[in-house]
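# Summary of structural features
Each chain, written out:
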Amino acid sequence: MIEWFLGAADGEIRALEDGPGTDLERLRELWCAEPELMLRLDRLYAASQRAFERRTRAAVAEDLLRALRAVARGADVARLDTAVALAESRLEDDTATAAARGLNVGLTCGIVVSPVVLLVTLALGAWVPGLFGVDFGCLEQQALVHATVCFAGGAMGAVFSVIMRLRDPARLIRTRARRGHPAADPVQLSQSLRQEGWYRVVVGWFLATALFLLVGGGVLTVITPPASPAALCGPGPLSVAGHEAVIKTWFFWGALGFLAGLNERWARGLLRHPSAPRDEPGQDEGARRA
């Protein structure tokens, strides 16, 4: 179960020469006869031992060695070329699996942690003012509740935005390869995207909080809540219209936070490795025009 989330544990990387049943003399002949093909084979054999899923590690490595042994016994070199192409496809799918699983785990952790953060925020918001002798009345309670509802909507909006843009992880990995980004270790890629998933949720929180402050503070007057905290606090019990206003206000702040979280794409850098080359300004402008 741990490997399903985090990937297979690292092991010793063996060379082709150390593979079981490898004819070293015939291997040297193949290196001289087919240097490019053998270079691809050697690279894929090493990459297969760093695959995200353990079964992929075993299957790809065994398929490559089986094809190598068959060619060493006199089979057509085309069989080795077919095995190499199949290994490239399976390792690409494995990398896409690592990317999708890491990002989904990060987003899920953000969703699970969000209610805990909201409860802690509510508790601190009700407790801290009392330390300074400030009366935390109905108006303040309503404002705090609206802020936390908006806060939660920002997290959901950020998660929804990421999921809609990353529905095809395999295509995303191929796009990175075409742009010249270096191939990342699948396990490290999964770990990086777990952090990215959590980071996106945090960005949604801050965007929703910023929009709440702008609207609630009267800085942004284009959007107005259906009811202010003062209208929801009175000397007596709420009327039917008052209860409707409470519900509408909750939905208003939740929807506003959700829309703010959808803009988490403003925080750029998703799936960009720290060592990846940056796009040239001219190239980036040409891509936008295209």
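See the structure shown above.
These lines cover the structure that appears in this document, whether it is placed above or below. Being a predicted model, the structure only gives us computed values, none of them experimental.

## Description of the overall build of the protein
Check the secondary structure of the protein and you find eleven helices and zero strands. Along the protein, helices and strands appear, N-terminal first, in the series α-α-α-α-α-α-α-α-α-α-α. Partitioning the intrachain contacts of the protein with sequence separation of at least 6 by distance along the chain shows that 79% fall at a separation of at least 24. Carbon and sulfur atoms make up 62% of the accessible area of the protein, which amounts to about 17000 Å² in all.

## Observations concerning the state of the cysteines
What the rule picks out here adds up to one disulfide. Sulfur-sulfur distance for the disulfide between Cys138 and Cys233 comes to 1.9 Å. Around the S-S axis, the bridge from Cys138 to Cys233 shows a dihedral of about -80 degrees and counts as left-handed. Taken as a pair, Cys138 in helix 6 (residues 138-165) and Cys233 in the loop between helix 9 (229-232) and helix 10 (240-261) lie far apart in primary sequence, 95 residues in all. Residue Cys138 is classed as partly exposed on the basis of its relative accessible area of 35%.

## Remarks on the pattern of salt bridges
Considering all chains together, one arrives at 13 salt bridges under this definition. A salt bridge links Arg26 to Glu29; the nearest nitrogen and oxygen atoms lie 3.1 Å apart. Linking Arg26 with Glu29, this pair stays in helix 2 (residues 24-33), spanning three residues, or about one helical turn. Looking at Arg26, the relative accessible area reads 24%, which means it is partly exposed. Owing to a relative accessible area of 40%, Glu29 belongs among the partly exposed residues under this scheme.

## Looking at helix 8 (residues 186-216)
With 31 residues, helix 8 extends 44 Å between its outermost C-alpha atoms, agreeing within 8% with the 45 Å of an ideal straight helix rising 1.5 Å per residue. Measuring from the side-chain oxygen of the N-cap residue of helix 8 to the backbone nitrogen of Val187 gives 3.0 Å; that N-cap residue is Asp185. Immediately downstream of helix 8, the backbone of Gly218 shows phi near 80 degrees, a positive value.

## Remarks on the environment of Ser114
Residue position: Ser114 is located in helix 5 (residues 77-131). On the accessibility criterion, Ser114 (6% relative accessible area) is buried. The spatial distance from the C-alpha of Ser114 to the C-alpha of Val201 is 8.6 Å, given a sequence separation of 87 residues. Among all residues touching Ser114, those that are not within four sequence positions of it are Ala155, Val201 and Trp205. At a separation of 3.4 Å, a polar atom in the side chain of Ser114 contacts the side chain of Trp205.

## A word on the packing of helix 8 against helix 10
Running from amino to carboxyl end, helix 8 crosses helix 10 at an angle of 130 degrees, the nearest separation of the two axes being 8 Å. It follows that helix 8 is oblique to helix 10 by the angle criterion. Of the two possible hands of crossing, helix 8 and helix 10 adopt the one that is right-handed. Within the contact between the two elements, helix 8 uses Gly204, Leu207, Ala208, Leu211, Phe212, Val215 and Gly216 and helix 10 uses Trp253, Leu256, Gly257, Ala260 and Gly261. Here the contact of helix 8 with helix 10 is built from residues that sort into eight nonpolar, four polar and no charged.

## Focus on the packing of aromatic side chains
In the structure shown here, the tally under the stated rule is five aromatic pairs. Taken together, a centroid distance of 5.8 Å and an interplanar angle of 45 degrees make the contact between Phe160 and Phe258 tilted. Of this pair, Phe160 sits in helix 6 while Phe258 sits in helix 10; the two residues are 98 residues apart in sequence, bridging distant segments of the chain. For Phe160, a relative accessible area of 41% translates into the label partly exposed. We classify Phe258 as partly exposed; its relative accessible area is 26%.

## Comments concerning the packing of helix 5 against helix 6
Closest axis-to-axis distance for the helix 5/helix 6 pair is 10 Å, and the angle between their directions is 175 degrees. Between helix 5 and helix 6, the crossing angle belongs to the class labelled roughly antiparallel. Residues Leu103, Leu107, Ile111, Ser114, Val117, Leu118, Thr121, Leu122, Gly125 and Ala126 of helix 5 touch helix 6, and the partners they reach there are Leu144, Val145, Thr148, Phe151, Ala152, Ala155, Val159, Val162 and Ile163. For the contact of helix 5 with helix 6, the residue count by class is 15 nonpolar, four polar and no charged.

Definitions and cut-offs
Residues numbered from 1 in each chain as written. Predicted model: local features only at pLDDT ≥ 70, side-chain atom pairs only at ≥ 80, totals over all residues. Heavy atoms only, no water. Helix = DSSP H or I, 4+ residues; strand = E, 2+ residues; numbered from the N terminus. Contact = heavy atoms within 4.5 Å. Areas by Shrake-Rupley, 256 points an atom, 1.4 Å probe, with all protein chains shown as cover. Disulfide = S-S within 2.5 Å. Buried < 20%, exposed > 50% of the residue type's maximum accessible area, 1.4 Å probe, protein only. Salt bridge = Lys/Arg side-chain N within 4 Å of Asp/Glu carboxyl O. Expected span 1.5 Å × (residues − 1). Polar contact = N/O pair within 3.5 Å; in protein donor to acceptor, adjacent residues only side chain to side chain. Axes fitted to C-alpha atoms, helices over the stretch in contact; angles between N-to-C directions. Parallel < 35°, antiparallel > 145°, perpendicular 65-115°, else oblique. Left-handed = near helix turned anticlockwise from the far one by under 90°. Nonpolar A, V, L, I, M, F, W, Y, C, P; charged D, E, K, R; others polar. Phe/Tyr/Trp six-rings, centres within 6.5 Å; stacked < 30°, edge-to-face > 60°.

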